Protein chains: 2
Amino acid sequence: MSSFEDADTEETVTSLRVTIYHPGQMQNGIFQSIRFYNPEKLPSSEVVKFGRNSTICRYTFQDKQVSRVQFSLQLFKKFDSSVLSFEIKNMSRKTSLLVDSTELGYLNKVELPYRCMVRFGEYQLLVEKEDGESLEFFETLFVMSPRPLLQEHDWPAGKPTPEFCRSSLWCTQSTSLSASPREMDENEY
Amino acid sequence: MSSFEDADTEETVTSLRVTIYHPGQMQNGIFQSIRFYNPEKLPSSEVVKFGRNSTICRYTFQDKQVSRVQFSLQLFKKFDSSVLSFEIKNMSRKTSLLVDSTELGYLNKVELPYRCMVRFGEYQLLVEKEDGESLEFFETLFVMSPRPLLQEHDWPAGKPTPEFCRSSLWCTQSTSLSASPREMDENEY
């Protein structure tokens, strides 16, 4: 019997926008199980896993070079803060995870800045956070980028903070983009 | 066909010994689903949950005052370290979690020191870590203490680091132990 007038005041939710790119995304159906442009509301207690195994991971990549669980994201609350923060942990024994210029080995973790570039293998993920009021839920939104998110000279250097494109269209007007992405050593996977 | 001589060299595992006490443990069967004195080997990628809900939690407390998930423990690796560390996160919206003298609200988290007292409601858990070599697995061991782990004058003060008993028998020779534990406000749960 709840009506519009009696309903609880709606809270804003912390949101995470993930713009993703892989050089083989058009040919290989790597992202076929990810619903792009579809905001998804998740409980803030969830440890969100990304990887190849669909029984463990919420977001899967159809790619044998991806680990069963590649990395995880989870929320926490800092002692001095009223908003939620995200932490990313590398769950892959074989592949490093780069968060901007920080290299994470297996089980290393860092807090996600408000805007950062997450990379592993040939995957590029631009992760952007927006604060919300709710402590119960957060929201994810995936966007596929038609072009690389990093300019060629920034990739695969890794160490300096990458100069990724700042256009709202994510590089659609971009300049010197890599046509031939770096060969990865199979053993890195 | 693996023989003793060909088997991989056995690695030591990080272990977590949890000595637990609740004033109603003998009457109420609160800990009936926990197998005491039974070392359990778990993958280091697991987020170990403690609470009332047995479908979500690995270790459950049969007590309506406990949250569905009360807290979680997980392993991570510091950048400058070769050993695994533990982090504890309060997953209860209603009850604070005390780690020694640090009070954790919902989704607050801290790294576990090598030896600490974890408390919520009337539960007392002495948590002791021992380092191991393996990055793949860790081990838990639960011990039930017949008596409180904190001396009465340290409980429920909370703020100073508690002077818990240092005997290997965990307070079996203890002195002024509380016969009537503090009444908790129902609303705190």
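Keep in mind it's a predicted model, so treat the numbers as computed, not measured. (Residues numbered from 1 in each chain as written. Chains lettered and ligands numbered in written order. Predicted model: local features only at pLDDT ≥ 70, side-chain atom pairs only at ≥ 80, totals over all residues. Heavy atoms only, no water.)

## Some thoughts on the sheet that holds strand S3 (residues 47–51) of chain B
All names here are of chain B.
Here's step 1: Taken in spatial order, the five strands make up an open sheet running S4-S3-S5-S6-S9, and their pairing is mixed. The strands lining the two open edges of the sheet, one partner per strand, are strand S4 (59–60) and strand S9 (109–111).
Here's step 2: In this structure, S3 lies alongside strand S5 (residues 71–77), joined through four bridges in antiparallel fashion. By the bridge assignment, valine 47 is partnered in S5 with glutamine 74. (Pairing = 2+ DSSP bridges. Helix = DSSP H or I, 4+ residues; strand = E, 2+ residues; numbered from the N terminus.)

## Observations concerning unusual backbone geometry
Here's step 1: Residue leucine 107 of chain A is not a glycine yet carries a positive backbone phi of 70°.
Here's step 2: Inspection of the secondary structure assignment puts leucine 107 of chain A in the loop between strand S8 (102–104) and strand S9 (109–111).
Here's step 3: In this structure, tyrosine 37 of chain B is a non-glycine residue whose phi angle is positive, near 55°.
Here's step 4: Note on placement: tyrosine 37 of chain B falls in the loop between helix H1 (25–28) and strand S2 (40–43).

## Observations regarding the relation of the copies chain A and chain B
Here's step 1: When chain A is fitted onto chain B, the two copies agree to an RMSD of 0.0 Å after a turn of 180° and an axial shift of 0.0 Å. Considering both components of the superposition, the chain copies are consistent with a two-fold axis. Measuring from the rotation axis to each C-alpha of chain A, the shortest distance belongs to valine 47 of chain A, at 4.3 Å.
Here's step 2: Here 100% of the contact residues of chain A are again contact residues in chain B; the copies associate through an equivalent surface. (Least-squares fit on C-alpha atoms with pLDDT ≥ 70 in both. Contact = heavy atoms within 4.5 Å.)

## Quick notes on the environment of glutamate 11 of chain A
Here's step 1: Its location among the elements puts glutamate 11 of chain A in the segment before strand S1 (14–21).
Here's step 2: With residues up to four places along the chain from it excluded, the contact list for glutamate 11 of chain A reads Glu133 and Ser134 of chain A.

## So, the UniProt feature "domain: FHA" (unreviewed entry) in chain A
Here's step 1: UniProt records the feature "domain: FHA" (unreviewed entry) at residues 48–104 of chain A, using the numbering of this structure.
Here's step 2: The straight-line gap between the two end C-alpha atoms of residues 48–104 of chain A is 18 Å; of that span, 0% is helix and 46% is strand. (UniProt positions renumbered as here; feature names shortened; annotations may be inferred.)

## Focus: the interface of chain A and chain B
Here's step 1: Counting from both sides, the interface comprises 24 residues of chain A and, opposite them, 24 residues of chain B.
Here's step 2: For the pair chain A and chain B, the summed buried surface comes to about 2000 Å²; carbon and sulfur atoms form 53% of the total.
Here's step 3: At the surface where chain A touches chain B, the tally comes to four salt bridges.
Here's step 4: The salt bridge partner of glutamate 87 of chain B is lysine 109 of chain A, with a shortest N-O separation of 2.9 Å. (Buried area = accessible area lost by both parts, 1.4 Å probe. Salt bridge = Lys/Arg side-chain N within 4 Å of Asp/Glu carboxyl O.)

## Side note on the pairing of strand S10 (residues 115–120) of chain B
A regular strand carries its side chains on alternate faces of the sheet.
All names here are of chain B.
Here's step 1: Summarising burial for S10: five of the six residues are buried, a large majority.
Here's step 2: Pairing geometry for strand S7 (residues 97–99) and S10, over two bridges, is antiparallel. For leucine 98, the partnering residue across the bridge sits in S10 and is arginine 119.
Here's step 3: Here S10 pairs with strand S11 (residues 123–130) via six bridges, running antiparallel. Paired with valine 118 across the two strands is leucine 125, which belongs to S11.
Here's step 4: Once S10 ends, the chain turns through two residues before running back antiparallel as S11, passing glycine 121 with a positive phi of about 50°. (Buried < 20%, exposed > 50% of the residue type's maximum accessible area, 1.4 Å probe, protein only.)

## Focus: the pattern of salt bridges
Residues and elements named next belong to chain A.
Here's step 1: Per the stated rule, a full pass over the model turns up 18 salt bridges over all chains.
Here's step 2: Salt-bridge contacts for glutamate 111 lead to lysine 78; the nearest nitrogen and oxygen are separated by 3.0 Å. Of this pair, glutamate 111 sits in strand S9 while lysine 78 is found in the loop between strand S5 (71–77) and strand S6 (84–90), placing the two residues 33 residues apart along the sequence.
Here's step 3: Salt-bridge contacts for lysine 129 lead to aspartate 131; the nearest nitrogen and oxygen are separated by 2.9 Å.
Here's step 4: Classification of aspartate 131 as partly exposed rests on a relative accessible area of 32%.

## Some points on the side chain of serine 44 of chain B
Here's step 1: Within the element layout of this structure, serine 44 of chain B appears in the loop between S2 and S3.
Here's step 2: Overall, the relative accessible area of 1% leaves serine 44 of chain B in the buried class.

## Thoughts on the environment of methionine 117 of chain B
Here's step 1: Tracing the backbone shows methionine 117 of chain B in strand S10.
Here's step 2: Taking the C-alpha atoms as reference, methionine 117 of chain B lies 13 Å from serine 145 of chain B; in sequence the two are 28 residues apart.

## Concerning the confidence of the model for chain A
Here's step 1: Per-residue pLDDT for chain A averages 84, and the proportion of residues at 70 or more is 78%.
Here's step 2: For the stretch residues 155–163 of chain A, pLDDT sits under 50, and the model shows 22 contacts to residues farther than four places along the chain or on other chains. (pLDDT = per-residue confidence, 0-100.)

## Focus: the sheet that holds S1 of chain A
Residue and element names in this part refer to chain A.
Here's step 1: If you walk across this open sheet you meet the seven strands as S2-S12-S1-S11-S10-S7-S8, and the pairing is mixed. Of all the strands in the sheet, the pair left with one neighbour each is strand S2 (40–43) and S8. Strand-to-strand twist in this sheet, taken as the mean axis angle between neighbours without regard to direction, amounts to 25°.
Here's step 2: As defined by bridge partners, S1 adjoins strand S11 (residues 123–130) across seven bridges and the pair is classed as antiparallel. Paired with leucine 16 across the strands is lysine 129, a residue of S11. (Axes fitted to C-alpha atoms, helices over the stretch in contact; angles between N-to-C directions.)

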